[in-house]
Amino acid sequence: EWFDIEKNYYESLMRDAVKEWIEENIVVAAGYAWEKVNHRGETRYIMSGIYKKMGFGKNNNYAESNVLKDLDESKLLTDLKAEFGDKLKPIVTDLTSLDGFKTYGKVTNRYLSIPTQEMIMECGSQMSCTDTFWLATPTQTTDQGDTSYVQVVSKRGGCCYGGCYWDGFGVRPFFILE
């Protein structure tokens, strides 16, 4: 009833609020929408939705994964470099496993990466979640004898694990600007 009385007014308020939110939280780059998230005082731009669906790789080491190889060789990265040039900041991705092993070390000097579970724990509430996507965090490592599983975020926002070479989940990259 109250809405019907001043329908145009309330629709205008809603449109203005949505427009303001988008202007503050969404950036379009390389033809994709990216959500701004704050990770430890640094703005990261994570793709809104997924880039593509694919298997993770032959094991759960992100440094050896099909996902990293695909991002490194992607037109998306080429387009981001053309758009931002030296403003793109190299990303360091810590591959500490869920059980605390540091066997895989870190992936350095990449300009596109996928989130780790630590990043999701810190700023997951700032992101939308519409499809299941891979994380760079392995469940275990070769030290524990299990390289089959890597962490994922489900489309409902919960963290769980997926099989590296038989599951095909989304790739949701992010980048950082200087």
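Here, the structure is the one placed above.
Asks: What is the right way to read the nonpolar core from this model?
Replies: Burial of nonpolar side chains together is a common tendency in soluble globular proteins. Formed by 30 residues in total, the largest nonpolar core has its most connected members in Trp-34, Tyr-62, Val-67, Leu-80, Ile-114, Trp-134 and Phe-175. Contributing elements (two or more residues each) for this core: strand 3 (42-47), helix 3 (66-72), helix 4 (75-84), strand 7 (133-138), strand 8 (149-153) and strand 10 (168-171). Broken down by element, this core gets its largest block of residues, 4 residues, from helix 4. Beyond its immediate stretch of four places on either side in the chain, Val-67 contacts Met-54, Gly-55, Phe-56, Tyr-62, Ile-114, Trp-134 and Val-171.

Asks: Could you clarify how one ought to interpret the side chain of Arg-44 in this entry?
Replies: The residue Arg-44 is located in strand 3 in this model. Of the polar contacts made by the side chain of Arg-44, one reaches the side chain of Glu-42; its length is 3.3 Å. Once residues within four sequence positions are removed from consideration, Arg-44 is found in contact with Glu-35, Lys-36, Val-37, His-39, Met-119, Phe-174, Phe-175 and Ile-176.

Asks: Explain the sheet that holds strand 11 (residues 174-176) here, please?
Replies: Hydrogen bonds between backbone groups are what pair the strands of a sheet, and the pairing can be parallel or antiparallel. With antiparallel pairing, the 4 strands of this open sheet are ordered in space as 1-2-3-11. On the outer flanks of this sheet lie strand 1 (26-29) and strand 11, each paired with one strand and no other. Within this sheet the neighbouring strands show an average axis-to-axis angle of 35 degrees, counted without direction. As defined by bridge partners, strand 1 adjoins strand 2 (residues 32-39) across 4 bridges and the pair is classed as antiparallel. In the sheet register, Val-28 faces strand 2, and the bridge partner there is Ala-33. Of the strands in this sheet, strand 1 and strand 2 are in contact with helix 2 (residues 7-25), which crosses strand 1 at around 60 degrees. Where helix 4 meets the sheet, it contacts strand 1, strand 2, strand 3 and strand 11, and its direction lies at approximately 100 degrees from that of strand 1.

Asks: What am I meant to see in unusual backbone geometry here?
Replies: Excluding glycine, residues mostly have negative phi values, and the peptide bonds linking residues are mostly trans. Backbone geometry at Ala-30 places phi at a positive 55 degrees, although glycine is not the residue there. Tracing the sequence through the fold places Ala-30 in the loop between strand 1 and strand 2. Take Ala-30: its relative accessible area is 15%, and that puts it in the buried class.

Asks: Where do I start with the pattern of salt bridges in this structure?
Replies: For side chains bearing opposite charge, pairing can occur when the charged atoms are close. Tallied over the full model, the rule gives 10 salt bridges. Arg-40 is the salt-bridge partner of Glu-122, the closest N and O atoms lying 3.2 Å from each other. On the criterion of sequence distance, the pair formed by Glu-122 in helix 5 (residues 117-123) and Arg-40 in the loop between strand 2 and strand 3 is long-range, its members being 82 residues apart. Accessibility expressed as a relative area gives 61% for Arg-40, which makes it exposed. In this structure, Glu-42 and Lys-89 form a salt bridge, with 2.8 Å as the shortest nitrogen-oxygen distance. You can see Glu-42 sitting in strand 3 and its partner Lys-89 sitting in the loop between helix 4 and strand 5 (91-94), a full 47 residues away along the chain. The structure contains a network of salt bridges with shared partners spanning Arg-40, Glu-118 and Glu-122.

Calculation criteria
Residues numbered from 1 in each chain as written. Predicted model: local features only at pLDDT ≥ 70, side-chain atom pairs only at ≥ 80, totals over all residues. Heavy atoms only, no water. Core = buried A, V, L, I, M, F, W, Y, C linked by side-chain atoms within 4.5 Å. Buried < 20%, exposed > 50% of the residue type's maximum accessible area, 1.4 Å probe, protein only. Helix = DSSP H or I, 4+ residues; strand = E, 2+ residues; numbered from the N terminus. Contact = heavy atoms within 4.5 Å. Polar contact = N/O pair within 3.5 Å; in protein donor to acceptor, adjacent residues only side chain to side chain. Pairing = 2+ DSSP bridges. Axes fitted to C-alpha atoms, helices over the stretch in contact; angles between N-to-C directions. Salt bridge = Lys/Arg side-chain N within 4 Å of Asp/Glu carboxyl O.

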